[in-house]
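# Structural overview for review
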Amino acid sequence: MASSQYIGALDMGTAKVSILVAELSPPSRLKIIGRAMVPSRGIRKGRVLNVREATTCVHRAIREAEKSAGVNLKSLYMSISGSHLKGELQVGKAQVSHSARIVTDYDVGRAVEEAKRRDLGPDRVFVQYIRNPFLLDGKKVDEPYSLRGNEIQASFWAVHADARVLREQMQIVNSFVSRIDDIFLSSLVVGRVLTSEEQRQSGVLVLDIGAGTTDFVLYGDGYVLMTGVLDVGGDHITNDLSVAFKIPWESAERLKVDYGKATPVEGAGDDWVWLRGDLSIGDRRFSKRAIQRVIHARMEELFQLVRRAVLPVLEREDLRCSALMTGGVTRLTAIENLAGQVLKMPAATGRNPDWVINELQVPEMSNVLGQVQFALQDYSDSISGSRKSPGLLGKVKGFWSK
Amino acid sequence: MTVSLKPVSDVKIGVIGLGRTGRKILERMRVRPAWDVDAICYDCDLEVMGVSNPWFGCECLGVGMLHGLGCGGQVELGQSVAFGSEETIRAWLAGKSMVLMLLGAGGGFSGGFAPEVADWAREMGIPVLCVACMPFSFEGISRIDSARRAIDVLRESSLAVVTVELDDMLLWAGDESWAQPVIELAIDWMQEAASSVLSLILEEGLFAFDLTTLRQVFDLGFSKTLFITGEGEGEKAVDDAIQQIMGFADFRLPDSEVIVDRMLVSLRGGASLGVADVNRINQTISKRFRKPARSFFGATIEEKESKVTIGVFLSIGLGGGEQASASAPDAAGAGESESGLVPGTRMRPSKPVSGEKGDAQGYFDVLIRDSNRGVFEDTEPNLVNGEDLDVPTFLRRGIRIKT
């Protein structure tokens, strides 16, 4: 009988580095036994800017998580983000070869092979192939085996990454633990934890608006139809306020947290707020409306960019979906209203699953919770002998030899 | 018969220091004996008058009304003192080619007195250049509002109001700073602004610079003018001075998101200051402020001077300046460089909203620039659809923000 297994999930964000440690046991039981969240340094917009600083804070987070869980981690799952990740739909077709036009493994294999046949440049590496529904003579089918038809079409949402950026992140983790179990797209793990199977069937757009990036994933018919990343997040709001009012970063952050609102209240009158409110030296007052206008401009643009990215898929699939948001930026007041207006769909902030404790019911933990769920799926598949995931080495085949 | 090779000049400049701040500035000004300057300090508070100074006189006004006491922050009292002393002031103004007025805005005396003096000077055809200090925000809303009103009124009557903002200087100095050293620093900057203007006009410099040129610098009409200064001594004097200028500029005008319409660089140094240094300073500063539409340069050399001091005046039109600018004579003094307008990149002056003069000062129409990236300066451009998303959205979309 398979023994229990300790796993760790790591999210290297711009603002925070989060780790969750869980114990997996047969048949598919999951128990969260440790966690850590430390301020991030040296990472911005999904990229490592300062290896030394990033390494220090990641290692600190791992040590704290190990201490909290009372176990030593030998390996870790990790998520990746940043606009260096590019996704595209790759399609391959094959004629059904069986005389009775019954689709066989051979036909599907040829279609899949053709879909995946794409040579990236030396600086890029595929990190994820996400299967979309097969089309058998133009009709969507989940599993085409044994069905009759003339032509089978396989399609994948394929995501590739900048090899150098990915290598840097993996090296930071590898310098502490001996192995990386798997790497996930941030948008996928967050989408997994926030949505139900029903939502993914009916269509849902999940946005994770973090400090440095906004990751999004669009589901329809239960499949991942597209993913994307914009290098825009809460830090941009802070930076905008800092530039607008010519104040230091920390002061701008305070204004954002204390008075941030996605939509300004227009009309007569305006409230003025003090930076610290104690009338001490250096305290200044600001127009609340001005603060909100700066934030509104940034958030409106962000949602417009997301809308522009997903619109071709929405139209192609004739999808009517809703939006779910998470990430630190969703703490902004009235963000659902603005998202709904700009995205032109019902929008709400997502919640982590009810089965997690209150301390983990924060947007910053969605990512690692999603990773743990994927890890549990992997674990269950492996003990039942039906593992489908290619694992890290399968995903980034040939990566280390480049 | 003696023939003088120096052109005869009948320029007579008057310098008025108002209140305690005005007096402190006058005391610190570096004035050369050869300069034909008539300086005076006015206040209604006898305590401020103190001991007279060799190079400027002191006069306590409104004694009959206030009995030698201050205005207690009441602008109306300062105005009354001005009305009661109109004859005296007009007599002092008579014959002046230009007046420099130095004050701390926000005070009752200077806030009420200065606008009246500037108005009388304008009636008499005398250009007035004001150097004023904005109070700290923590001094209270009424004092800030009073200072803003005074500055707005002064802007309408003056060539320009050069403002030094204590809030900025405090933030620049860091959270650990005390108010008093910041005030002293502001006074130093204000005296440097005044001294450099006098030096440019009254000294024979590397470039000819006269009152006509000065008028061209500030002929924007209703405008906001900032002053930044830096100084250095020894082998790295020029580098140090430039570094100080850049340091404050980066803080106050990060990446020049506010486009400067006029710039005047005033340079003062000793015999060791070479033409190469002058060119380097000019190029570095012009580049930093993205070659304003019109920039002017003046440099004066004093053999015994061991320091290099750079002063930069930056003027930004707030509306009403286009007409004034268009009617200004084209003749430019030596040392002026025309960088011309870059299509699509000029700031449109924001006209003050009718009946809301107070708001005009805080509004800037800012425009799309590719380098207003703040903390993202060191990261690669974040290009999406041809726009760098690291540049604040409100800048790229030209949204007005009340600062």
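Residues numbered from 1 in each chain as written. Chains lettered and ligands numbered in written order. Predicted model: local features only at pLDDT ≥ 70, side-chain atom pairs only at ≥ 80, totals over all residues. Heavy atoms only, no water.

## A few points about the nonpolar core
- Membership of the largest hydrophobic core comes to 116 residues, with the highest contact counts inside it found for Leu205, Leu207, Phe245, Met299 and Phe303 of chain A.
- Broken down by element, the residue count for this core peaks at 12 residues, all from helix α8 (residues 288–317) of chain A. (Core = buried A, V, L, I, M, F, W, Y, C linked by side-chain atoms within 4.5 Å. Buried < 20%, exposed > 50% of the residue type's maximum accessible area, 1.4 Å probe, protein only. Helix = DSSP H or I, 4+ residues; strand = E, 2+ residues; numbered from the N terminus.)

## Description of the confidence of the model for chain B
Residue and element names in this part refer to chain B.
- In the predicted model, chain B carries a mean pLDDT of 75, and 76% of its residues have values of at least 70.
- Per-element averaging of pLDDT across chain B places helix α13 (residues 321–327) at the bottom with 33 and strand β4 (residues 98–104) at the top with 94.
- Note on residues 1–8: pLDDT is under 50 here. Beyond four places in sequence and across chains, it has one contact.
- Scored below 50 in pLDDT, residues 319–371 makes 123 contacts in the model with residues more than four places away or belonging to other chains. (pLDDT = per-residue confidence, 0-100. Contact = heavy atoms within 4.5 Å.)

## A few points about the sheet that holds strand β2 (residues 16–25) of chain A
Residues and elements named next belong to chain A.
- The strand order β3-β2-β1-β6-β12 describes an open sheet built from five strands, whose pairing is mixed. The sheet is open, and its two edges are formed by β3 (29–39) and β12 (179–185), each paired on a single side. Averaged over neighbouring strand pairs, the angle between their axes works out to 20° when direction is ignored.
- In terms of strand pairing, β2 meets β3 through 10 bridges, oriented antiparallel. For Glu23, the partnering residue across the bridge sits in β3 and is Lys31. (Pairing = 2+ DSSP bridges. Axes fitted to C-alpha atoms, helices over the stretch in contact; angles between N-to-C directions.)

## Remarks on helix α2 (residues 105–116) of chain A
All names here are of chain A.
- Taking 1.5 Å of rise per residue, 12 residues should cover 16 Å, and α2 covers 16 Å from first to last C-alpha, within 8% of that figure.
- Along α2, the residues that are buried comprise Asp107, Val108, Ala111, Val112 and Ala115. Looking down the long axis of α2, one finds its buried residues gathered within 130° of arc, a one-sided arrangement. Of the exposed residues in α2, the ones pointing more than 90 degrees away from its buried face are Asp105 and Tyr106.
- The elements touched by buried residues of α2 are β7 (86–95), β9 (134–136) and β11 (151–162). (Expected span 1.5 Å × (residues − 1). Arc of directions from axis to C-beta.)

## Considerations on the interface of chain B and chain A
- At the junction of the two partners, chain B supplies 39 residues and chain A supplies 37 residues.
- Surface buried jointly by chain B and chain A totals about 3,300 Å² across both partners, of which 61% is contributed by carbon and sulfur atoms.
- At the boundary of chain B with chain A, the tally comes to one salt bridge.
- Linking Asp390 of chain B and Lys45 of chain A is a salt bridge whose minimum nitrogen-to-oxygen distance equals 2.6 Å.
- At the junction of chain B and chain A, the tally comes to nine residue pairs in polar contact (both at pLDDT 80 or more).
- Those elements that place two or more of their residues in the side of chain B that touches chain A are α7 (141–157), α8 (166–173), α11 (237–252), α15 (393–396) and β15 (401–402) of chain B.
- Partitioned by chemical class, the residues of the side of chain B that touches chain A number 18 nonpolar, eight polar and 13 charged. (Buried area = accessible area lost by both parts, 1.4 Å probe. Salt bridge = Lys/Arg side-chain N within 4 Å of Asp/Glu carboxyl O. Polar contact = N/O pair within 3.5 Å; in protein donor to acceptor, adjacent residues only side chain to side chain. Nonpolar A, V, L, I, M, F, W, Y, C, P; charged D, E, K, R; others polar.)

## Brief notes about the pattern of salt bridges
- The final tally for this structure, using the stated rule, is 32 salt bridges over all chains.
- One salt bridge connects Arg110 of chain A with Asp107 of chain A, and the closest N-O pair in it is separated by 3.1 Å. Within this pair, Arg110 of chain A and its partner Asp107 of chain A are both found in helix α2, separated by three residues, close to a single helical turn.
- Glu184 of chain B is the partner of Lys24 of chain B in a salt bridge, and the nearest nitrogen-oxygen pair spans 3.6 Å. Of this pair, Lys24 of chain B sits in helix α1 (residues 19–28) while Glu184 of chain B sits in helix α9 (residues 179–202), and the two are 160 residues apart along the sequence.
- When its relative accessible area of 27% is taken as the criterion, Lys24 of chain B is described as partly exposed.

## Re the sheet that holds strand β14 (residues 214–220) of chain A
All names here are of chain A.
- Ordered in space as β15-β14-β13-β18-β19, the five strands form an open sheet in which the pairing is mixed. Of all strands in the sheet, those bounded by a partner on one side alone are β15 (223–230) and β19 (347–349). Adjacent strand axes in the sheet meet at a mean angle of 20° when their direction is disregarded.
- As paired strands, strand β13 (residues 204–209) and strand β18 (residues 322–326) are joined by five bridges and run parallel to one another. Bridge pairing links Val204 to Ser322 in β18.
- Of the strands in this sheet, β13, β14, β15 and β18 are in contact with α8, which crosses β15 at around 155°.
- Where helix α9 (residues 335–343) meets the sheet, its contacts fall on β13, β18 and β19, and the angle it forms with β19 comes to roughly 150°.

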